Number of protein chains: 2
Amino acid sequence: MLPFARVTILGLGLIGSSIARGIRQHMPSVRVTGYDADPSVRETAVAIELCDDVADSAGTSVIDADLVILCVPVGAMGAVAAEFAADLPAEAIVSDVGSSKLSVIEAVREALPNATFIPAHPVAGTENSGPTAGFASLFHHRWCIVTPPEGSDPLAVERVSEFWRRLGAMVETMEPGHHDRVLAVTSHLPHLIAYTIVGTASDLEEVTQSEVIKYSAGGFRDFTRIAASDPTMWRDVFLSNREAVLDMLQRFTEDLTALQRAIRWGKGDELFELFSRTRAIRRSIIDQGQDDARPDFGRSHE
Amino acid sequence: MLPFARVTILGLGLIGSSIARGIRQHMPSVRVTGYDADPSVRETAVAIELCDDVADSAGTSVIDADLVILCVPVGAMGAVAAEFAADLPAEAIVSDVGSSKLSVIEAVREALPNATFIPAHPVAGTENSGPTAGFASLFHHRWCIVTPPEGSDPLAVERVSEFWRRLGAMVETMEPGHHDRVLAVTSHLPHLIAYTIVGTASDLEEVTQSEVIKYSAGGFRDFTRIAASDPTMWRDVFLSNREAVLDMLQRFTEDLTALQRAIRWGKGDELFELFSRTRAIRRSIIDQGQDDARPDFGRSHE
């Protein structure tokens with residue numbers, strides 16, 4: 001009944017370690033093998049008993065897998081796939097969790113020209129990184145977007161989809177290029193802007209960093225959470241989804257310039273019209289269970 | 001021992017109603033009178049027993065007050081002050097909670113040339129509005145910035161400061177113009193950017209609004225909370241703190257353009273350097289108790 005019996009997770013950070021924990025919770029009979037290029041991460045994984053086995057190399061880790069999931073930064077996917085190419089069982093399905101898909105598909109196909117590769121992207125995360133940051137419920141009620149390249153085996157797509165449903169996610173399939181444009185606006189642009197504003201605020205001369213930190217509850221602190229996300233992962237996302245990110249950024253800049261002009265010329269009606277419109281989006285996100293309905297994200301006020 | 005015995009709150013929204021609740025919790029012997037220009041808000045305030053008295057006019061509300069706090073949008077401060085000018089007791093202290101100070105000081109001084117006006121700004125809030133949105137602990141461990149104009153009576157400044165300390169806030173005094181520049185970066189710019197990106201995302205043709213909502217957990221949803229804040233309040237903030245907001249916006253745009261260029265030319269090192277730097281700011285904010293230390297703001301993951 002289970003879609004896979006032996007799963008290998010390459011990269012034991014926030015997402016990889018959450019998958020391992022999710023499998024233990026929801027599919028306890030599945031055997032999980034983990035590997036991470038960083039020896040200290042492997043040690044931690046052993047110490048906290050994250051997986052059934054922690055392998056010493058990427059090749060060893062995949063030897064008897066029926067699902068191999070790449071959970072490394074998108075810029076490293078191709079290299080990691082090449083590392084285990086010679087050891088991959090012919091019947092195994094390879095998947096990933098990357099935030100951009102076209103570039104990952106290209107890289108993995110080059111490294112594994114004959115493998116069945118079904119890319120996926122669970123839209124979930126926190127600002128924390130590493131093997132101790134993961135938790136089994138990270139994917140509950142979150143969307144996982146499966147982006148099969150043209151000509152993919154429907155049965156393989158269904159097995160990967162079922163795997164994610166078992167972890168508590170809702171699954172949607174999408175064309176890889178469309179995925180990259182959707183995520184450019186719902187995830188990549190927000191991260192880019194958060195990183196930028198935190199940088200801008202820390203570079204001021206007349207307002208000290210200490211003041212920025214003290215009075216951050218006025219709104220700024222919300223951006224610092226996202227801007228605390230893993231630097232390597234996000235560098236790779238922006239470089240790999242360059243065209244879509246630059247396009248969304250261009251639209252954002254145009255809109256920001258229009259608001260700037262409205263402020264300069266005192267056009268209160270234009271501001272009010274936009275600010276009223278954006279409230280409705282928040283309501284829809286909460287209605288669809290995609291955010292905490294409690295005020296202030298449910299932050300503690302004591 | 002209490003700094004004031006009879007407090008009048010004009011404007012019973014999120015902040016005004018939180019002050020009323022905070023007084024009841026922390027200074028239960030203080031008599032609280034409330035007023036709101038909106039009759040339905042006054043009715044709600046009576047129904048939920050928010051204050052000891054709800055007055056029928058701004059003038060009536062201040063008749064025996066020793067502290068009058070303006071909790072209306074910054075663009076309405078002057079008009080509300082003018083409404084009760086004839087009824088204000090000579091000994092009363094007037095204060096406010098506005099997010100910008102220079103323009104409020106000018107407007108209130110014009111309306112109340114002889115009153116003792118000690119402006120203040122509690123740096124706290126949620127995305128919700130109205131008399132039922134407030135809660136007594138909103139100001140706990142948050143900063144309240146008192147911005148006395150030159151020549152203010154030190155005793156009056158101390159009484160207003162003590163009032164906020166009693167509500168659980170930490171108090172800092174600051175020159176009004178400096179306040180406006182600090183808040184432009186820690187609060188006003190973040191709100192402007194959040195409103196913009198939510199607008200940009202909802203205006204795309206090829207990515208549907210439904211997709212934006214579904215996949216918002218990738219980062220976008222964080223911005224929608226701030227962009228659900230009160231439209232009137234925020235329109236007024238941007239118009240009243242125009243110069244400082246435009247200046248911060250200019251710096252932000254320059255930094256964003258530099259990142260855009262780094263992405264276009266594949267300069268991964270520049271991206272990585274910024275993304276590493278911004279992590280430290282988040283840590284400081286948490287170390288100083290200005291945000292929830294739990295991952296994802298403590299959002300529920302079940």
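Fair warning: this is a prediction, and the values are worked out from it, not measured in the lab.

## Quick word on the overall build of chain A
Summing up its helical and strand segments, chain A has 12 helices and 9 strands in all. Taken against the 2.2 N^0.38 rule, which gives 19 Å for 302 residues, the C-alpha radius of gyration of chain A at 21 Å falls within 12% of a compact globule. Counting over 302 residues, chain A shows a buried share of 60%. Total accessible area on chain A stands at roughly 11,200 Å², and carbon and sulfur atoms take up 50% of it. Here chain A carries 27 positive and 42 negative side-chain charges, and the mean point of each set is 6 Å from the other.

## Topic: the packing of helix α11 (residues 242-264) of chain A against helix α12 (residues 268-287) of chain A
In a pair of packed helices, the angle between the axes and the distance between the axes together describe the arrangement. Residues and elements named next belong to chain A. The interhelical angle for the contact between α11 and α12, taken along N-to-C directions, is 135 degrees, at an axis separation of 8 Å. What the angle tells us is that α11 and α12 run oblique. Facing Leu259, Ala262 and Ile263 of α11, the residues of α12 in contact are Glu270, Leu271 and Leu274.

## Considering the side chain of Thr186(A)
You can see Thr186(A) is positioned in helix α7 (residues 176-202). A polar contact is formed between the side chain of Thr186(A) and the backbone oxygen of Tyr215(B), at a distance of 3.4 Å. Residues in contact with Thr186(A), not counting those within four places in the same chain, are Glu211(B), Val212(B), Tyr215(B), Ser216(B), Gly218(B), Gly219(B) and Phe220(B).

## Points about the sheet that holds strand β7 (residues 120-122) of chain B
All names here are of chain B. Taking strand neighbours across the sheet as the criterion, the 3 strands line up as β7-β8-β9 in an open arrangement whose pairing is mixed. The open sheet terminates on both sides in strands that have one partner only, identified here as β7 and β9 (170-173). Direction aside, neighbouring strands of the sheet carry axes that sit 20 degrees apart on average. Summarising the sheet, strand β8 (residues 143-146) and β9 pair through 4 bridges and their orientation is parallel. By the bridge assignment, Ile145 is partnered in β9 with Glu172.

## Some details on the pattern of salt bridges
Using the criterion set out here, one finds 48 salt bridges over all chains in the structure. Here Glu162(A) ties to Arg165(A) by a salt bridge, and the two come within 3.2 Å at their closest N and O atoms. Of this pair, Glu162(A) and Arg165(A) both sit in helix α6 (residues 154-166), separated by 3 residues, roughly a single helical turn. Here Glu273(B) makes a salt bridge to Arg277(B), at a shortest N to O gap of 3.3 Å. Remark: Arg277(B) and Glu273(B) occur in helix α12 (residues 268-287); sequence separation between them is 4 residues, near one turn of the helix. Given a relative accessible area of 44%, Glu273(B) falls into the partly exposed group. What you see here is one network of salt bridges that share partners, running through Glu127(A), Arg225(A), Arg282(A), Asp291(A), Arg221(B), Asp222(B), Asp296(B) and Arg299(B).

## Describing the interface of chain B and chain A
Counting from both sides, the interface comprises 114 residues of chain B and, opposite them, 114 residues of chain A. Carbon and sulfur atoms supply 64% of the area buried between chain B and chain A, which totals about 10,600 Å² over both sides. The tally of links from chain B across to chain A stands at 16 salt bridges. In this structure, the salt-bridge partner of Arg299(B) is Asp291(A), at a minimum N-O distance of 2.6 Å. Summed over the shared surface of chain B and chain A, the number is 45 residue pairs in polar contact (both at pLDDT 80 or more). Counting residues per element, the ones that place at least two in the side of chain B that touches chain A are β8, α7 (176-202), α8 (209-214), α9 (220-226), α10 (231-240), α11 (242-264) and α12 of chain B. Broken down by element, the residue count for the side of chain B that touches chain A peaks at 20 residues, all from α7(B).

## Section: the UniProt feature "domain: Prephenate/arogenate dehydrogenase" (unreviewed entry) in chain A
The positions UniProt marks with the feature "domain: Prephenate/arogenate dehydrogenase" (unreviewed entry) are residues 5-293 of chain A. Between the first and last C-alpha atoms of residues 5-293 of chain A the distance is 37 Å; the span itself is 52% helix and 11% strand.

## Topic: the sheet that holds strand β8 (residues 143-146) of chain A
Think of a sheet as strands paired side by side through backbone hydrogen bonds, with each pair either parallel or antiparallel. Residue and element names in this part refer to chain A. Ordered by their spatial adjacency, 3 strands build an open sheet running β7-β8-β9, and the pairing between neighbours is mixed. Whereas interior strands pair on both sides, the edge strands pair on one side only; in this sheet they are β7 (120-122) and β9 (170-173). Sheet twist, expressed as the average angle between the axes of neighbouring strands with direction ignored, equals 20 degrees. Here 3 bridges tie β7 to β8, and the two strands are oriented antiparallel to one another. Bridging from a neighbouring strand, Ala120 pairs with Val146 of β8. Relative to the sheet, α6 contacts β7, β8 and β9, its axis offset from that of β9 by approximately 150 degrees.

## As for unusual backbone geometry
Residues and elements named next belong to chain A. A positive phi angle is found at His141, which is not glycine, with a value near 60 degrees. Examined against the element boundaries, His141 turns out to sit in the loop between β7 and β8. A residue is classified by how much of its surface remains accessible, and His141, at 46% relative accessible area, is partly exposed. Backbone geometry at Phe297 places phi at a positive 60 degrees, although glycine is not the residue there. The residue Phe297 is located in the segment after α12 in this model.

Thresholds, definitions, all that
Residues numbered from 1 in each chain as written. Chains lettered and ligands numbered in written order. Predicted model: local features only at pLDDT ≥ 70, side-chain atom pairs only at ≥ 80, totals over all residues. Heavy atoms only, no water. Helix = DSSP H or I, 4+ residues; strand = E, 2+ residues; numbered from the N terminus. Rg over C-alpha atoms; globule rule 2.2 N^0.38 Å. Buried < 20%, exposed > 50% of the residue type's maximum accessible area, 1.4 Å probe, protein only. Areas by Shrake-Rupley, 256 points an atom, 1.4 Å probe, with all protein chains shown as cover. Lys, Arg positive; Asp, Glu negative; His and termini not counted. Charge placed at Lys NZ, Arg CZ, Asp CG, Glu CD. Axes fitted to C-alpha atoms, helices over the stretch in contact; angles between N-to-C directions. Parallel < 35°, antiparallel > 145°, perpendicular 65-115°, else oblique. Contact = heavy atoms within 4.5 Å. Polar contact = N/O pair within 3.5 Å; in protein donor to acceptor, adjacent residues only side chain to side chain. Pairing = 2+ DSSP bridges. Salt bridge = Lys/Arg side-chain N within 4 Å of Asp/Glu carboxyl O. Buried area = accessible area lost by both parts, 1.4 Å probe. UniProt positions renumbered as here; feature names shortened; annotations may be inferred.

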